[in-house]
Amino acid sequence: MLPISYQHLWPLIRLTPVEVAHELGLLALRGPVALGRAVADSFAWRGLRFRNRVGVAAGFDKNAAVLRGLAGLGAGFVEVGTVLTRPWRGNARPRLARIERERALWNRLGFPSDGLPAVRRRLAACRPEGLGIGCNIAPHPLTLRDGDAPDLHARARAELQQLLDALHPHADFFVINLSSPNTRGLRGVLHGAGFVEELLAPVRAHLAALDREAGCASPTPLLLKLPPEDERGAPFREESFAALVEPLCAAGLCDGFVAVNSSTRLALEHARAARPDAPGGLSGAPLLPIALDVQRWLGQLAPGHLRIACGGVLR
């Protein structure tokens, strides 16, 4: 029997609506998966050890449904999520589109999630050997709906701590996602006053307490997922990016960064013709130069911190 490659399947895949194709891919990964030849590039960092550096970003297996299949394909780690405290349908469909000429993907998914109990149950039931597990977490969109509420940080902090409590036994590292452009009010939490003092510092302390209670040999890393643009949607300048990252590093509030999330600005530039209801966020080839700039800046501003690249990664 001849092997079937992605190139053979692409003419059929491209005729299928994007979210349907994604769902069919997840369905296929639930069945028997021939073991892929994993990249021989094992990686160790502050107590973490993965069989290679190639991971699956958050957004593919949002609900920890196909970990065994992804391990079989040879992934070194999977970032599950974004996980929410309770189920959420996300934005209305259609909410994904291919921009083929630009080698890009537009999305406005809005955190669809089966919710914390379902994800925790699946993680407890399936932990493939050698597969690193990261949990990408965020406040629930309903929590963010009233973005000007005086207790917004307190409510967001309580949800993040609830997620840490439940997922701590199952996660090798955590990623806080406050940079998605598809949930109203989310980026405002990241850029708003009080983010460091009222939200991130207590969450970091809570994770450290969980590590102590569990007798962990090394601290569970906490990462922050970064946006590709500033709070106004303008391209980052090096100095504005430094203003976001340097205080976090100086205070020791996170161990690394995932860079970068999808871009609202690029969605407006590239996806409006295909998706009149943009912005949403754009990833793929147009995001690559921005992602490379952010990685270079992180290398200078955050030496010793873990850096995970995503958003503009291409074949």
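Scroll up a little and you will see the structure.
As the structure is a computational prediction, the values presented were derived from the model and not from experiment.

A. Seen up close, the packing of aromatic side chains. The full count for this structure, using the stated rule, is five aromatic pairs. With centroids separated by 6.1 Å and ring planes inclined at 55 degrees, the aromatic side chains of Phe50 and Phe173 adopt a geometry described as tilted. Within this pair, whereas Phe50 is found in strand β2 (residues 48-50), its partner Phe173 is found in strand β8 (residues 173-177), the two being separated by 123 residues in sequence. In this structure, Phe50 and Phe173 share a single accessibility class: buried. Summarising the aromatic geometry, the rings of Phe241 and Trp297 are spaced 5.4 Å apart at their centres and angled 45 degrees between planes, so their arrangement reads as tilted. Taken together, the positions of Phe241 in helix α9 (residues 238-251) and Trp297 in helix α11 (residues 288-301) put the pair 56 residues apart, joining distant regions of the chain. One aromatic cluster is present, formed by Phe50, Phe77 and Phe173 through successive ring pairs.

B. Main features of the pairing of β8. Burial analysis of β8 places five of its five residues in the buried class, which makes it a mostly covered element. The two faces of β8 match: Phe173, Val175 and Asn177 on one face and Phe174 and Ile176 on the other face are all buried. Direction of pairing for β8 relative to strand β9 (residues 222-226): parallel, over a ladder of four bridges. What sits directly across from Val175, in β9, is Leu223.

C. Seen up close, the pattern of salt bridges. Per the stated rule, a full pass over the model turns up 14 salt bridges. Residue Arg46 is joined to Asp255 by a salt bridge in which the shortest nitrogen-to-oxygen separation is 3.2 Å. Note that Arg46 is positioned in the loop between β1 (43-45) and β2 and Asp255 in the loop between α9 and β10 (256-259), a separation of 209 residues in sequence. On the basis of relative accessible area, Arg46 is assigned to the partly exposed category, the value being 45%. Note that Arg265 and Glu269 form a salt bridge whose closest N and O atoms lie 3.2 Å from each other. Of this pair, Arg265 and Glu269 both sit in helix α10 (residues 264-270), four residues apart, which is roughly one turn of the helix.

D. Fine view of the sheet that holds β10. Read across the sheet, seven strands follow the order β3-β4-β7-β8-β9-β10-β12 without closing on themselves; strand pairing throughout is parallel. Of all the strands in the sheet, just β3 (55-56) and β12 (306-309) have a single pairing partner and so form its edges. When β10 meets β12, the two strands line up parallel, connected through four bridges. Considered in β12, the bridge of Ala259 is made with Ala309. Contacting β4 (77-83), β7 (132-137) and β8, helix α6 (residues 152-167) runs over the sheet at an angle of about 160 degrees to β7. α11 rests against β9, β10 and β12 of the sheet, and its axis sits at about 175 degrees to β12.

Rules used in this analysis
Residues numbered from 1 in each chain as written. Predicted model: local features only at pLDDT ≥ 70, side-chain atom pairs only at ≥ 80, totals over all residues. Heavy atoms only, no water. Phe/Tyr/Trp six-rings, centres within 6.5 Å; stacked < 30°, edge-to-face > 60°. Helix = DSSP H or I, 4+ residues; strand = E, 2+ residues; numbered from the N terminus. Buried < 20%, exposed > 50% of the residue type's maximum accessible area, 1.4 Å probe, protein only. Pairing = 2+ DSSP bridges. Salt bridge = Lys/Arg side-chain N within 4 Å of Asp/Glu carboxyl O. Contact = heavy atoms within 4.5 Å. Axes fitted to C-alpha atoms, helices over the stretch in contact; angles between N-to-C directions.

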